[in-house]
Structure formats: structure tokens, C-alpha cells
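Residue-level structure breakdown
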Amino acid sequence: MYNIESIDRLQAKRIAGRIVPAIATTTATVSGLVTIELIKLLDKLPLEVYKNAFLNLALPVIVLSEPGQVEKTVIKEGLTTTMWDRWEVHGTADFTLQQFLQYFKDKYGLEVTMVSHGVKMVYVPFMPGHKKTSATTNGEVVKTFFRTAVYGPDH
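Residues numbered from 1 in each chain as written. Predicted model: local features only at pLDDT ≥ 70, side-chain atom pairs only at ≥ 80, totals over all residues. Heavy atoms only, no water.

**Here's the deal with the nonpolar core**
Test applied: The criterion is simple. A nonpolar core is a set of buried Ala, Val, Leu, Ile, Met, Phe, Trp, Tyr and Cys residues joined through side-chain atoms within 4.5 Å. Summary of the burial criterion: residues with accessible area below 20% of their type's maximum are buried, those above 50% are exposed, and those between are partly exposed, where the area comes from a 1.4 Å probe applied to protein chains only. Strands are runs of DSSP state E lasting at least 2 residues, helices are runs of H or I lasting at least 4, and numbering of each runs from the N terminus. We call two residues in contact when some of their heavy atoms are within 4.5 Å.
Grouped together as the largest cluster of nonpolar side chains are 11 residues: Leu79, Phe95, Leu97, Phe100, Leu101, Phe104, Tyr108, Leu110, Val112, Val115 and Tyr123. A total of 5 residues in this core trace back to one element, the largest contributor, which is helix 2 (residues 97-108). Contact partners of valine 115, with chain neighbours within four places excluded, come to Leu97, Phe100, Leu101, Lys120, Met121, Val122 and Tyr123.

Shown next as C-alpha cells:
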């Protein structure tokens, strides 16, 4: 299937015998580099002392570089976000989608234009039928959405 030539048992053992030490060496090297970075993290050192590592033990080459600042997206004056930020909204079992939308309006002054669960769009105001789901609890919105997505609208 992959046009790999057949080899005898002795050749296979010779090739496999080189793989195990290579994996062990690479694992040990990566573990050591990660441990060094974790120690820096525990010491709360500035960003300049952290390093990204590129290594190729076959050559052998190890290149260390400084990571850049994370890109910040300005949502509005005084409110920025990064790819590492996470906004948590804590609600109860009867927490509705409307309460969820209102939370962002009250806390951040934002108008929510879409709510998704994974890669699925759960609420998009301009889509047909989505506005009427705002009084439904978030759990029911997600359950109904997935029931419809998986089994079709008749179930």
C-alpha cells in the first residue's frame, strides 16, 4: 500500500533497535526542557527568561528562542482578550439563554451575536427560530439542538 520494500527479520531488528534509543533520548530531552520551564513558572520569572525550543537530535541541533507576547484583541475601550482567556458564566439549572445574554450586556456592555457549543451554532439572532429559544434554559437549548442535529427535526 505504501510501496515499502519487504526486509528480512535481521534488518527489521536493526532498524527497530535504533528507534527505541532515539525515542528515549528525545523523551528525556523534552522532559528536561519542560522541567526547566516549569521551574521558571513556579518562580514567577518574567517572560524574557522563558524559551521555546526546537530540537533535532539527528543532526544534533537545539535552538532556543524567546516567545513573543500573546496577541490581544480589543473588544471595546478597556476590554481586551487573548486566545488564552476564558470567560466563565455560572448559572443555575434554570438559567435561561436570555439571562446568559443579559449577563454579558450588564457586565461588559456587549451585545451577544452568536452562542455556540463546540462547533455548533446554538443561538444566532438573525437565524429563523433562534429568537424563540431565548426563554429556554441553556441545558434545554443544547439538548434540543443536538437532538435535532443528530436525529432530525421530526424527533
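From this point, the discussion proceeds with the structure in view.
**Details of the packing of aromatic side chains**
Put simply, the rule reads: When two rings of Phe, Tyr or Trp (its six-membered ring) have centres within 6.5 Å they constitute a pair, described as stacked for plane angles under 30 degrees, edge-to-face for angles over 60, and tilted for the intermediate range.
Counted by the stated rule, this structure contains 4 aromatic pairs. Seen in terms of ring centroids, tyrosine 103 and tyrosine 108 are 6.5 Å apart; in terms of plane orientation they differ by 80°. Their pairing is edge-to-face. On the basis of relative accessibility, which here comes to 26%, the residue tyrosine 103 falls in the partly exposed class. Since its relative accessible area comes to 17%, tyrosine 108 is described here as buried.

**Notes on unusual backbone geometry**
At the junction of leucine 59 and proline 60, the peptide bond is cis and its omega measures out at -15° in the coordinates. Inspection of the secondary structure puts proline 60 in the loop between strand 1 (52-56) and strand 2 (61-65). The phi torsion at lysine 44 lies on the positive side, around 55°, for a residue other than glycine. If you trace the backbone, lysine 44 turns up in the loop between helix 1 (9-42) and strand 1.

**Side note on the environment of isoleucine 7**
Position of isoleucine 7 relative to the elements: it lies in the segment before helix 1. Given the relative accessible area of 46%, isoleucine 7 is considered partly exposed. Filtering out sequence-adjacent residues up to four positions away, isoleucine 7 remains in contact with Ala12 and Ile15.

**Let's talk about the pairing of strand 2**
It is a general feature of regular strands that their side chains alternate between the two faces of the sheet. Defined as follows: Each pair of strands is called paired provided DSSP finds at least two bridges between the two strands.
Sheet topology note: the strand 1/strand 2 ladder contains 5 bridges and is antiparallel. Within strand 2, the position partnered with phenylalanine 54 by the bridge is valine 63. In sequence, strand 1 turns back onto strand 2 through a hairpin of 4 residues.

**Focus on the confidence of the model for the protein**
The cut-off we apply is this: Scored from 0 to 100, pLDDT records how confident the predictor is in each individual residue.
The predicted model of the protein averages 81 in pLDDT, with 83% of residues at 70 or higher. In this model, residues 146-155 is a region of pLDDT below 50 whose contacts with residues beyond four sequence positions or in other chains number 6 contacts.

**Observations concerning helix 1**
For the record, the criterion: Every helix has an expected span of 1.5 Å times one less than the residues it contains. Polar contact is the term for a pair of N or O atoms within 3.5 Å; when the atoms are in protein, one must be able to donate a hydrogen and the other to accept it, and sequence-neighboring residues count only if both atoms are side-chain atoms.
Over its 34 residues, helix 1 extends 49 Å from the first C-alpha to the last, a length consistent with the 50 Å expected when each residue adds 1.5 Å. N-cap assignment for helix 1: the residue whose side-chain oxygen lies 3.2 Å from the backbone N of leucine 10 is aspartate 8. Immediately beyond the C-terminal end of helix 1, within one or two residues, lies lysine 44, with a positive phi of roughly 55°.

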